[in-house]
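Coordinates in review
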Amino acid sequence: MKVIFFGTPDFAVPFLYKLINSDEIKIVGVVCQKDKPVGRKSVITPPATKTLAIKHNIPVYQFNSLKKDDVKNTLSEINADMYIVVAYGKIIPQSILDIPKFGSINVHPSLLPKYRGPSPMQEAILNGDKQTGVSIMLLDSGMDTGPILEQISIDLDSNDTYITLEKKVHAVGPSLLVKTINEYVSGKKTPVNQATSDTAVTRLINRTDGLIDWDKTAIQIDRQIRAYKPWPGAYTYINMHNKKLRLKIFAATFSEKQNKTKSGTITFNKAIEISTGKGTLLITELQLEGKQKMNADAFIKGHIDINGQMLIK
RNA sequence: CGCGGGGUAGAGCAGUCUGGCAGCUCGUUGGGCUCAUAACCCAAAGGUCACCGGUUCAAAUCCGGUCCCCGCAA
C-alpha cells in the first residue's frame, strides 16, 4: 500500500521510522514544513522527518501552502492509497485529505475527545491526570474531531514530564498505528464517532507560558515545570549584580509546608526553597542566564548571598 | 554583521569599573572534639586567572586578536 506521510518535528520521527520498516506499507513521499533557521547562529536546518526521509531515499515535499491547486495536482499524481498525518504543523484542507481512497489517518496523543488541539500531552500533565493515551483516527475537517479507529491508554505518574510522556507515547504509538492501519484496510476495523462530552480544545503554547507565577500553588508550579520541559521551559527572574536575570527551572519537587514568607521568597535550607501561594517548591535543577545548568547544591555554594531574596516576574 | 552574559583550585562563585600579596561557600586530605554524626574546632594540599600578543615598574584587572560555553530573539 502506497502512503504519503505528513509530519514535521522530532515527535513524528518514530512513527515515520516504523512505517518505513513496515512490510505492508510503502512510504512514497514525506510532506513537511520548510527548512528553518535554528539556534544562535541561525543555521538553516531541515525538519527531523525530512532528514529521515532523505536517508531512505524517499521524496520530500515542502509546500508553502497546501491550499494551492498545483499542490493538489502534485499529490494526486503520486496516487497514494492513504495519507498518514503526525504533527504536520498546519491544517490540511479537506480537498487534500479526500484524495487517497482509504482516506487520511491521524495520530493524536490523548484519549479523544479529551484534549483536542495542539497541546494534549502538556495539558494532561498540567491537569495532573493519572492517565492519558494515544488515539488513531480518521481525519475530517474539524480539529481532531474525526472518528476513532483505536485508542490505547498510558499511565502518568507524578514525575512524568513532557519528555518522559513523549517517550511513553513513542513506545506504544508507532506499532499501534501500523497495526490499526492494517486492520482498517482489511476491513476489520470500523471507525467510531467521538463522544460529544468533554471536548475542550487545548491551546497553542506560547513562549511566555513558561513564566512562573509564584502565587500559584506549589503543586501547580511543579506541573507547569514538568509539562513545559523542554519547551518553552519554566522560568522566573532574579535580581543579581543589579541586573534582572532569567532563571530557568528544570526540575523541582514540592512540600506541603507553608512558609510564612511572601510568595517567591528564596530560602536556602540545604535545598532551594521557594514560598508559593500554597506549599513550598523545592528547586533541584536550575540554570541562570549565561551559566550552565546545575543542581541546587552547586547553585547554593556560589550564591549564598541571595538567601532571603525574592524571585520576580 | 540580530541582542546579551560567561571562562579565576575538584564544584559553584566574588574580585575586573578605579592595575599593587589569589579570595569566598563547599569538597578533598590530616588532626582535634564527641556516645555519635552529613554537626563543630584546627591545619594542609590544590591556580597556565581560557588562549595569543600589546601597554606598564607592576596585569585576573587596561588595549587588540583567537577559541569555547550559555541566555534572549528568529
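Preceding block: the structure.
Rules used in this analysis
Residues numbered from 1 in each chain as written. Chains lettered and ligands numbered in written order. Predicted model: local features only at pLDDT ≥ 70, side-chain atom pairs only at ≥ 80, totals over all residues. Heavy atoms only, no water. Near = heavy atom within 4 Å. Polar contact = N/O pair within 3.5 Å; in protein donor to acceptor, adjacent residues only side chain to side chain. Helix = DSSP H or I, 4+ residues; strand = E, 2+ residues; numbered from the N terminus. Salt bridge = Lys/Arg side-chain N within 4 Å of Asp/Glu carboxyl O. Buried < 20%, exposed > 50% of the residue type's maximum accessible area, 1.4 Å probe, protein only. Phe/Tyr/Trp six-rings, centres within 6.5 Å; stacked < 30°, edge-to-face > 60°. Lys NZ or Arg CZ within 6 Å of the ring centre and 35° of its normal. Patch = residues over 30% accessible without salt bridge, like charges linked within 9 Å, V, L, I, M, F, W, Y side chains within 5 Å. Areas by Shrake-Rupley, 256 points an atom, 1.4 Å probe, with all protein chains shown as cover. Contact = heavy atoms within 4.5 Å.

Right, let's talk about the protein's contact with RNA strand B for a bit. Near RNA strand B there are 19 residues, and of these Arg40, Arg207, Gly290, Gln292 and Lys301 occur at the shortest range. The contact atoms of RNA strand B, taken as those within 4 Å of the protein, divide so that sugar and phosphate hold 62%. Take Gln287: an N or O atom from its side chain is 3.2 Å from a sugar or linking oxygen of RNA strand B. One of the backbone N or O atoms of Gly290 is found 2.7 Å from a base nitrogen in RNA strand B. Taken together, the elements giving at least two residues each to the surface near RNA strand B come down to β11 (243-255) and α8 (296-302).

Here the focus is the pattern of salt bridges. Summed over the entire model, instances satisfying the criterion amount to 12 salt bridges. In this structure, Arg203 engages Asp209 in a salt bridge whose closest nitrogen and oxygen atoms are separated by 3.2 Å. For Arg203, a relative accessible area of 46% puts it in the partly exposed group. Asp209 sits in the buried class, given a relative accessible area of 16%. Asp213 is the salt-bridge partner of Lys313, the closest N and O atoms lying 3.6 Å from each other. Taken together, the residues Lys313 in the segment after β16 (311-312) and Asp213 in the loop between α6 (162-185) and α7 (218-227) connect sequence positions 100 residues apart. Looking at Lys313, the relative accessible area reads 53%, which means it is exposed. The exposure class assigned to Asp213 is partly exposed, which follows from its relative accessible area of 24%. Because the salt bridges share partners, they merge into one network encompassing Glu150, Lys179, Glu183 and Lys189.

This part takes up the packing of aromatic side chains. Between two aromatic rings, the relevant description is the distance of the centres plus the angle of the planes. Across all of its chains, the model carries 5 aromatic pairs by this definition. Ring geometry for Phe6 versus Tyr88: centroids 5.7 Å apart, planes at 75°, classification edge-to-face. Of this pair, Phe6 sits in strand β1 (residues 2-7) while Tyr88 sits in the loop between β6 (82-86) and α4 (94-97), placing them 82 residues apart in sequence. Just as Phe6 is buried, Tyr88 falls in that class too. Between Tyr235 and Tyr237, the aromatic rings sit 5.9 Å apart at their centres with planes inclined by 85°, giving edge-to-face as the arrangement. A connected cluster of aromatic rings, assembled from ring pairs, spans Phe6, Tyr83 and Tyr88. The positively charged end of Arg246 is found above the aromatic ring belonging to Tyr235, 3.9 Å away from the centroid. Taking the ring centre of Phe250 as reference, the NZ or CZ of Lys293 above it sits at 4.6 Å.

Okay, a nonpolar patch on the surface next. A cluster of nonpolar side chains, Ile91, Met143 and Val201, forms an exposed patch at the surface whose accessible area comes to about 310 Å². Mapped onto the fold, Val201 is located in the loop between α6 and α7.

Turning to the side chain of Ser110, a few remarks are in order. Inspection of the secondary structure assignment puts Ser110 in the loop between β7 (104-108) and α5 (120-126). For Ser110, a relative accessible area of 0% translates into the label buried. A distance of 2.6 Å separates the side chain of Ser110 from the backbone oxygen of Lys114, its partner in a polar contact. Excluding anything up to four places from it in sequence, Ser110 contacts Tyr115, Pro120, Thr132, Gly133, Val134 and Ser135.

Everything listed here is a matter of geometry and, on its own, says nothing about what the molecule does.
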